[in-house]
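The primary structure of each chain is shown beneath.
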Amino acid sequence: MDNHLRPLTVLGGSLNKNVLVKVKWNREYRGVLDGYDQHMNLVIKNAEEVISDKSNGVFPTVVVRGDVVVYISPSEVI
Amino acid sequence: MDNHLRPLTVLGGSLNKNVLVKVKWNREYRGVLDGYDQHMNLVIKNAEEVISDKSNGVFPTVVVRGDVVVYISPSEVI
Amino acid sequence: MDNHLRPLTVLGGSLNKNVLVKVKWNREYRGVLDGYDQHMNLVIKNAEEVISDKSNGVFPTVVVRGDVVVYISPSEVI
Amino acid sequence: MDNHLRPLTVLGGSLNKNVLVKVKWNREYRGVLDGYDQHMNLVIKNAEEVISDKSNGVFPTVVVRGDVVVYISPSEVI
Amino acid sequence: MDNHLRPLTVLGGSLNKNVLVKVKWNREYRGVLDGYDQHMNLVIKNAEEVISDKSNGVFPTVVVRGDVVVYISPSEVI
Amino acid sequence: MDNHLRPLTVLGGSLNKNVLVKVKWNREYRGVLDGYDQHMNLVIKNAEEVISDKSNGVFPTVVVRGDVVVYISPSEVI
Amino acid sequence: MDNHLRPLTVLGGSLNKNVLVKVKWNREYRGVLDGYDQHMNLVIKNAEEVISDKSNGVFPTVVVRGDVVVYISPSEVI
């Protein structure tokens, strides 16, 4: 249509950058976006898991299923 | 069919304008619509997150998955 | 098959007319149907939001995702 | 395969007849089936809405989304 | 692959026989399987509705949406 | 890609063997896998139904919809 | 697009390695990834089942449906 920013393009521009990924059930993952696909399945490196606002440790790598994702926020600072 | 307004066309006309995006679990995002795709995945800039009517801060950019969206309201004034 | 009324045809015949749109979580939207697509995503103008039978204000325009719709009722009088 | 009755064929044979449509959340609609499509989206005329076994009024026409339907029962007498 | 029994083949072999159909929300339907399609939408004749183990009457015909089905059990005796 | 074991291949190798099928709502079925399709709809023979760890009887044959399956475990001994 | 790591590629690189698979309802499976498909259906060997942080035994093999998966974490050490 016109030259707007497609959601997957924003993910493409966030590769190797910090992202905050909110998933269902009050869980979130904060780390570096290392990959994604068209279903919004995500690969996050050094992903800190936060459950109900409490840190639950860090995964070297985690593959999050797109189906459970609520939003993804690329962030300059987190 | 006839010349009615398709939902995605309304989103196209709302680019760079303020929108209110209601998602499941009493969450909403108020900001500038910066992009969307055919699944209603949305890119919102300067997105204030409101949970159960309380502000929860502002994201410079957030990609919201279409699957969690309830409605989108373009607004002249918010 | 035979000449019955397809659901989307009923929506087509309701354009520019008042509709009541019931969505999940005891929410409804009453306004003028301005558009729709094959997923039953809807564009409603002057949409009064009613939550658990209480009015919650009017949106000049709202795009409701088909996935949350329970039913749509065109109405001569509302 | 063999000559069994396909579900959509039963709906076709129920056009202009009384049906009981059970949907999720203990809601049902009783009226005349006026149309349907392959997603089991339904058009019901003179549809009495019954919520938790209590009548909640009659819609001249209602389009019910197939996704919320539990079952449809054509009935000689209701 | 090999000559195993496909689920839809089992339904085909159950036509005109008694079946027990368990659906979500502790509901079940016991009657004669009269038809089905590839989505496991089912047509059941003389279908006794059982809710939380209590009989709730018999439908001459009921079309159950596949999406709400948990399992189907053909039975020699019910 | 490489020569890993595809999930459906594991089901193929479990035909005529004992399986434990866990479905949603704390239900499980233990019996002999007699068939499956690409949606993971399953045919189980001599299927003992276990609800919240209590046996609820045995079905000669049960067709379980893939959509409600959590996991399937082939077992040498059950 | 660019040379990022696709989620399924990460799964491919985790074959024959230890993974932690989190599924819905506070369940997880810890074992060796033996296979997967494009729906993220997974084959896990020597899978310890952990429910609400308590071990519930080990399955020699378990096929987990992708639809219930929240995330998969390959791990050097678990």
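Bear in mind the structure is a predicted one, so any value in this text is a computation, not a measurement.

Student: Is there a simple way to think about the relation of the copies chain F and chain G in this case?
Tutor: Here two copies of a chain appear, and what relates them is a rotation about an axis with a shift along it. Between the two copies, chain F and chain G, the superposition gives an RMSD of 0.0 Å; the rotation angle is 51° and the shift along the axis is 0.0 Å. The residues that chain F uses at the interface reappear at the interface of chain G in only 9% of cases, marking distinct surfaces.

Student: Just checking my understanding: could you explain the relation of the copies chain A and chain B for this structure?
Tutor: Take chain A, turn it by 51°, move it 0.0 Å along the axis, and it overlays chain B with an RMSD of 0.0 Å. Residue by residue, only 9% of the interface of chain A is reproduced at the interface of chain B, so the copies engage with different surfaces.

Student: Can you help me understand the interface of chain F and chain G in this one?
Tutor: Reports of interface size often rely on the accessible area that becomes lost once the parts have come together. At the junction of the two partners, chain F supplies 23 residues and chain G supplies 21 residues. Of the roughly 1,800 Å² buried at the junction of chain F and chain G (both faces included), carbon and sulfur atoms supply 62%. Scanning the region where chain F abuts chain G turns up one salt bridge. A salt bridge links Asp-67 of chain F to Arg-65 of chain G; the shortest N-O distance between them is 4.0 Å. Applying the counting criterion to the chain F and chain G interface returns 10 residue pairs in polar contact (both at pLDDT 80 or more). Among the elements of the structure, helix H1 (7–13), strand E1 (18–23) and strand E5 (69–74) of chain F are those that each provide at least two residues to the side of chain F that touches chain G. For the side of chain F that touches chain G, the leading source of residues is E5 of chain F, giving six residues. For the side of chain F that touches chain G, the residue count by class is 13 nonpolar, four polar and six charged. Pairing of E5 of chain F with strand E4 (residues 54–64) of chain G involves two bridges; the strand directions are antiparallel.

Student: Could you clarify how one ought to interpret the interface of chain A and chain B in this entry?
Tutor: Contacts between the two partners involve 23 residues from chain A and, on the opposite side, 21 residues from chain B. When chain A packs against chain B, the two sides together hide about 1,800 Å² of surface, and 62% of this comes from carbon and sulfur. Considering only the surface of chain A that becomes buried against chain B, Pro-7, Val-70 and Tyr-71 of chain A emerge as the three largest contributors, covering 29% of it. Across the contact surface, chain A and chain B share one salt bridge. Counting every contact that joins chain A to chain B gives nine residue pairs in polar contact (both at pLDDT 80 or more). Among the secondary structure elements, those contributing two or more residues to the side of chain A that touches chain B are helix H1 (7–12), strand E1 (18–23) and strand E5 (69–74) of chain A. Among the elements that make up the side of chain A that touches chain B, the one with the highest residue count is E5 of chain A (six residues).

Rules of the game
- Each chain carries its own residue numbering, running from 1 in the direction its sequence is written.
- Just so you know, chain letters begin at A and ligand numbers begin at 1, following the order they were written in.
- Predicted model: local features are reported for residues with pLDDT of at least 70 only, side-chain atom pairs are reported and counted for 80 or more only, and whole-chain, interface and lining totals are derived from all residues.
- Remark: hydrogens and water are excluded; side-chain values derive from all non-hydrogen atoms of the structure.
- Least squares is the method for superposing the copies, and the C-alpha atoms it fits come from residues with pLDDT of at least 70 in both.
- We call two residues in contact when some of their heavy atoms are within 4.5 Å.
- Once two parts are brought into contact, the accessible area they lose, counted with a 1.4 Å probe and summed over both, makes up the buried area.
- For this analysis, a salt bridge means a side-chain nitrogen from Lys or Arg found within 4 Å of a carboxyl oxygen belonging to Asp or Glu.
- A 3.5 Å cut-off defines polar contacts: any pair of N or O atoms within that distance qualifies, except that in protein one atom must be a possible hydrogen donor and the other a possible acceptor, and neighbouring residues in sequence count only when both atoms are side-chain atoms.
- The numbering of helices and of strands both runs from the N terminus, where a helix is a DSSP run of H or I of at least 4 residues and a strand a run of E of at least 2.
- Only Asp, Glu, Lys and Arg are considered charged, only Ala, Val, Leu, Ile, Met, Phe, Trp, Tyr, Cys and Pro nonpolar, and every remaining residue, Gly among them, polar.
- Two strands pair under a simple rule: DSSP has to find at least two bridges between them.

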